[in-house]
Amino acid sequence: MTDRAPLAALSAHFTPAQLAADLARYSPAEVWQQRVRLDNSGRLAQYRPEDELTKAQLSCRFVIPSDPQWPAALADLGPACPLGLWVRGYERLHELTSSTVVITGNRMASTEVTDRAKAFATTVAEAGHTVAATLAHGVDATAHQAAALMGATTLAVLPRGLDHAYPHRHAPLLHSITHNGGAAVSLYPPGTEASGARLRANAALLAALSRAVILIEALDHTEALRTAEAAIALSRTLLAVPADGGIRSEGNARLLIERFALPCPDPARALELL
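What counts, and where the lines are drawn
Every chain is numbered on its own, with residues counted from 1 as its sequence reads. A pLDDT threshold of at least 70 governs which residues receive local features in this predicted model, and a stricter bar of 80 or more applies before side-chain atom pairs are shown or counted, although totals over entire chains, interfaces and linings include all residues. No hydrogens and no water enter the side-chain calculation; it runs on all heavy atoms of the structure. Buried and open spaces are told apart on a 1 Å grid over the protein atoms alone, a cavity being a set of points where a 1.4 Å probe fits but cannot get out and a pocket being an open set with protein on both sides within 12 Å along at least five of seven lines. Residues with an atom within 4 Å of a point are the lining residues. Grid points are joined across faces, edges and corners, and a volume is the space filled by probe spheres set on the points. Segments assigned H or I by DSSP are reported as helices when at least four residues long, segments assigned E as strands when at least two residues long, and all are numbered from the N terminus. Charged means Asp, Glu, Lys or Arg here, nonpolar means Ala, Val, Leu, Ile, Met, Phe, Trp, Tyr, Cys or Pro, and polar covers whatever is left, Gly included. Two strands qualify as a pair provided DSSP detects at least 2 bridges between them. Relative accessibility under 20% of the residue-type maximum defines a buried residue, over 50% an exposed one, and the middle range a partly exposed one, all with a 1.4 Å probe and only protein chains included. Only buried residues count toward a nonpolar core. Its members are Ala, Val, Leu, Ile, Met, Phe, Trp, Tyr and Cys residues joined through side-chain atoms within 4.5 Å. What makes two residues a contact is simply this: any of their non-hydrogen atoms within 4.5 Å.

Its volume calculated, the largest pocket comes out at about 470 Å³. F14, T15, P16, L187 and Y188 are, among the 21 residues lining the largest pocket, the residues nearest its centre. Those elements that place two or more of their residues in the lining of the largest pocket are α1 (4–13), α2 (16–23) and α9 (196–208). For the lining of the largest pocket, the element with the most residues is α9, which contributes 4 residues. Residue composition of the lining of the largest pocket, by class: 15 nonpolar, 5 polar and 1 charged. The space that makes up the second largest pocket amounts to roughly 150 Å³. The wall of the second largest pocket is formed by A8, Y47, E52, L53, K55, A56, W86, P189 and P190.

Our focus in this paragraph is the pairing of strand β8 (residues 237–240). Judged from the 4 bridges that link them, strand β7 (residues 212–217) and β8 form a sheet pairing that is parallel. Across the sheet, I214 pairs through a bridge with L239, a residue of β8. Relative to strand β9 (residues 262–263), β8 runs parallel, the two sharing 2 bridges. Its bridge partner lying in β9, L239 is registered against L262.

It is worth spelling out the pairing of β7 at this point. Along β7, 6 of the 6 residues are buried, which leaves the element largely enclosed by surrounding structure. Direction of pairing for strand β3 (residues 100–105) relative to β7: parallel, over a ladder of 5 bridges. Bridge pairing links I103 to I214 in β7.

Turning next to the nonpolar core. Core analysis: the largest hydrophobic core is formed by 37 residues, its most contacted members being L74, L155, V185, L205 and L215. By residue number, the principal contributor to this core is helix α10 (residues 223–233), which donates 5 residues. Every residue in contact with V185, bar those within four places of it in the chain, is listed here: W86, V87, L93, L155, A156, V157, L158, L162, L205 and L209.

All quantities given are derived from atomic positions and should not be read as evidence of function.
Spelled out as structure tokens, the structure:
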């Protein structure tokens, strides 16, 4: 059994923190075998790593840290660094993650907010950076679409398996990204559904892959704000658009007041700060 299959199996059932001590002493195959022996439920014994990996890789590829396309920036996650990533668009992953800028914000975004997101995404893409975001409604999906309109490729980061989009209605957007030179990545194998814990882990992954995060508009306790907080924890540059007019930015305002984010009123300023 190669390292790839047991790593895929371990990542499907455990977090990196749950495995760090054992993986420091044993090979992935040995750790998997230990976990199977200790599992009184019998659930792990029914899992066939090689067969499951072969089946899953019909739709996406499992990439591990020894692969040339592995994003080096993920090392900043320390013990939380994933054992592997599920990827669609493997061939360009290294290039796309070499200068990634996340553009994120509220899901229920006004026209004024989405117009602002379009302007930032277009400018960032034109400057040669990769626009990255989730596929969520509002700011994130708009950022992908705006970059695509000027011929740029983007990176989508999903909190579920890559066999489906999240949300489901953005399946055409996911298809467009991966079939036009972009890529999609996930911590989770095909068939895994989104959950609250996976949304939180996704926010950390999105921030880790970036060189900077641009927060267009964020209310407190939203997924976009979680990405911003993850960026702070990882010492990524965090840019926040100040509130004005129809921009609902309680989250932005707090981060600016507390000086966790740099004020970024327009795309030109964003380029100066990147």
